[in-house]
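Spelled out from the first residue to the last, the chains are:
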2 protein chains.
Amino acid sequence: MNKKSSYHHGDLREKLILAGLELLSEGGVMGFDLRKVARKAGVSHAAPYRHFEDKSDLIAAVIEEGFSQLHDSLQRAVDMSESNTIDQLQNISLAYVKFTVRNPWSVREMFSGLTIDHNMYPSLYATSKKVFSLIESVIVSGQESGILNLDDSKELACVFLSTIHGTALLIIENHMQPITSRPDGTEHLARLCVNALINGIKKT
Amino acid sequence: MNKKSSYHHGDLREKLILAGLELLSEGGVMGFDLRKVARKAGVSHAAPYRHFEDKSDLIAAVIEEGFSQLHDSLQRAVDMSESNTIDQLQNISLAYVKFTVRNPWSVREMFSGLTIDHNMYPSLYATSKKVFSLIESVIVSGQESGILNLDDSKELACVFLSTIHGTALLIIENHMQPITSRPDGTEHLARLCVNALINGIKKT
DNA sequence: ACCTGAACACCGTTCAAGT
DNA sequence: ACCTGAACACCGTTCAAGT
C-alpha cells in the first residue's frame, strides 16, 4: 500500500490515483487518458510507468480506491444504525445508492470487467470482496437475532447485494424513470427494495 | 430503421453494426476501435462516417442491437412459459442471466452511461425501455390474477428488474463466487432471486 | 450518393539520457 | 532511484478527390 519514497512529489503513486479518480468522475473511461492524468499530477506523460504497468493497471488502482471508499461508506452506515437488522439493511441500501449517484462514472467502471479474473489484479479483487463480506456479516447477525430466515447466509447476501446494486446502477442509467422522477425518488426506491426483499411481493 | 440503399455492400450500416457487436463481444470497449470495425466490414476506415456521426454513435447503434436481442430473448421466455406469473418471472430471470453470461461485454456496455440522456440517442433509449415495459406487463398480469400484491406496478417492476439485473451483472464480474462455483450456479441463483422476492427473506 | 487516401492531432508505450 | 523528451505505432476525425 505505502510506497513512501518519491522524487519530486512525496508520493506520486497516490497522487496519480487521486488525479485518476478525479478525471474518471468527470466523464468515464472514454475520456480517461493517461497523459491527462499525468498532466493533472504535474508530471511528464512517461512518469506513471514508474508506478503502473500500463493504463489498465492504473485504472485498477483507481477503482480499487473506489471500492475502498464504497466500503467505508457502507461501514459508516452500519455504525450509525440501531442494532436492528432491518434498519441496518435499510441504511446500507441508502448509502449504496447515494454513493453510486454521487460517483456514477466510478461505479460503472468498478463493475466493468476488471475484477473478472482475480489473479489479474489480486489487490483490487480483495478490496472489492470486502463489500460482500460486510453485507454478509449483517445478514448473519440478522439470522442470529431471529429476524431473517436460515437459508445459506452467502446466498442471502448475494440476493441482497444484487438488488441494491441493480437498483443503484439502473438509477444512474436512467432506467428507473417512474421512480426517480419523484423528488425523494432514490431514497424511496432504496427503501422499496429492502421492503420487497424482506416481506416479499406476493399477495398476502 | 431501414436504410436500404448502399454502394458496395448492400447495407453497410447494418454490416458495421454486426461487425461492431462481434468485436465488442471479443473484449469490451477498450479494444473497440473504429478502424478495426471498418476492416472487419471490408471497407476503408473513413467509410463508417457516412453512416455514423462518430464512434459513440456507432457504439450506441451496436448496444441498441444488444437491447433488441435481450428483449427478444425475454419475450421468447415469456412465450414459452405456462400462463402462470411465478413461472413467467422465473423464466425471465433465467433468460436475462443467461443472455448476460453469453454476452458479458455487450451487457456491460449496454449499461455504461449511453442511455443517461434520452435526448442523446433517442432510438437507443426507446429500445432499452422495451425491456422494462415487457417486465411491467408480466407484473401487471400477475396482479390481475391475484398472485402479486397491489403496490404500484411500475415500482414492483423496478424492484424485480433491479434484482435480476444486479444478479446478472455481479455474476459476470465474478462477485457471486459462493454461488457461481456450483455446477448449476447461475440457474440456481436466478431461481433464488425470484423466490426471495416473491416470498421475502424474513423469518416466518 | 457513397467510398477512398492522405493528412492532422493526439494517445499508449518504450527507451536512452538526465539529475 | 526516479523523472524527462524524443520517437514510434496506431487511433479518431476531416476533407478533397475519385467513381
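Structure: see above.
Scope of this entry: the structure provided in the associated data block. Worth saying up front: this structure is predicted, and the values here are computed from it rather than measured.

**What to know about the interface of chain B and chain A**
- In this complex, chain B contributes 57 residues to the contact, which on the side of chain A involves 57 residues.
- Buried surface at the junction of chain B and chain A, summed over both partners, amounts to about 5000 Å²; 64% is from carbon and sulfur atoms.
- Considering only the side of chain B, the residues that lose the most area to chain A are His175, Ile201 and Lys203 of chain B, jointly responsible for 14% of the buried surface there.
- Applying the counting rule to chain B against chain A returns zero salt bridges.
- One can count 27 residue pairs in polar contact (both at pLDDT 80 or more) joining chain B with chain A.
- Going through the elements one at a time, α3 (55-79), α5 (104-110), α6 (122-144), α7 (153-172), α8 (177-180) and α9 (185-199) of chain B are the ones with two or more residues in the side of chain B that touches chain A.

**As for the relation of the copies chain B and chain A**
- Superposition of chain B onto chain A requires a rotation of 180° combined with a translation of 0.0 Å along the rotation axis, giving an RMSD of 0.0 Å. Such a combination of turn and shift is consistent with a two-fold rotation axis.
- Taken together, the interface assignments show that 100% of the residues at the interface of chain B recur at the interface of chain A, consistent with an identical surface on both copies.

**Observations concerning the side chain of Arg108 of chain B**
- For Arg108 of chain B, the position within the fold is in helix α5.
- Judged by its relative accessible area of 4%, Arg108 of chain B is buried.
- Among the polar contacts listed, one links the side chain of Arg108 of chain B to the backbone oxygen of Ile172 of chain B, at a separation of 3.2 Å.
- Apart from the residues within four sequence positions on either side, Arg108 of chain B is in contact with Phe111, Ser112, Gly113 and Ile116 of chain A together with Ile172 and Glu173 of chain B.

**Some words on the side chain of His188 of chain B**
- Mapping His188 of chain B onto the fold places it in helix α9.
- There is a polar contact of 2.9 Å between the side chain of His188 of chain B and the side chain of Glu155 of chain A.
- Excluding residues within four positions of it along the chain, His188 of chain B makes contact with Glu155 of chain A together with Ile179 and Arg182 of chain B.

**Let's talk about the environment of Leu24 of chain A**
Residues and elements named next belong to chain A.
- Of note, Leu24 is situated in helix α1 (residues 12-25).
- Classification of Leu24 by relative accessible area gives buried; the value is 3%.
- A sequence separation of 130 residues divides Leu24 from Lys154, and the C-alpha atoms of the two residues are 32 Å apart.
- If we skip the residues at most four places from it in the chain, Leu24 touches Val29, Phe32, Val62, Ile63, Trp105, Ser106 and Glu109.

**With respect to the pattern of salt bridges**
- Using the criterion set out here, one finds 10 salt bridges over all chains in the structure.
- Here Glu136 of chain A and Lys154 of chain A are joined by a salt bridge, their closest N and O atoms 3.3 Å apart. With Glu136 of chain A in helix α6 (residues 122-144) and Lys154 of chain A in helix α7 (residues 153-172), this residue pair connects regions lying 18 residues apart in the sequence.
- The class of Glu136 of chain A is buried, set by a relative accessible area of 16%.
- Two residues, Asp184 of chain B and Arg182 of chain B, come together in a salt bridge whose shortest N-O distance is 3.4 Å.
- For Arg182 of chain B, a relative accessible area of 33% gives the class partly exposed.
- Among the charged side chains, a salt-bridge network with shared partners connects Glu22, Glu26 and Lys40 of chain A.

**Description of helix α9 (residues 185-199) of chain A**
- Its 15 residues place the ends of α9 of chain A 21 Å apart at the C-alpha level, agreeing with the 21 Å of an ideal helix rising 1.5 Å per residue.
- Contacts from the buried residues of α9 of chain A go to α4 (85-102), α7 and α8 (177-180) of chain A together with α7 and α9 of chain B.

**So, the state of the cysteines**
- Within the structure shown, the criterion is met by zero disulfides over all chains.
- The structure places no disulfide on Cys193 of chain A, whose sulfur is separated from the nearest cysteine sulfur, that of Cys158 of chain B, by 8.2 Å.
- Looking at Cys193 of chain A, the relative accessible area reads 1%, which means it is buried.

Definitions and limits used
- Residues numbered from 1 in each chain as written.
- Chains lettered and ligands numbered in written order.
- Predicted model: local features only at pLDDT ≥ 70, side-chain atom pairs only at ≥ 80, totals over all residues.
- Heavy atoms only, no water.
- Contact = heavy atoms within 4.5 Å.
- Buried area = accessible area lost by both parts, 1.4 Å probe.
- Salt bridge = Lys/Arg side-chain N within 4 Å of Asp/Glu carboxyl O.
- Polar contact = N/O pair within 3.5 Å; in protein donor to acceptor, adjacent residues only side chain to side chain.
- Helix = DSSP H or I, 4+ residues; strand = E, 2+ residues; numbered from the N terminus.
- Least-squares fit on C-alpha atoms with pLDDT ≥ 70 in both.
- Buried < 20%, exposed > 50% of the residue type's maximum accessible area, 1.4 Å probe, protein only.
- Expected span 1.5 Å × (residues − 1).
- Disulfide = S-S within 2.5 Å.

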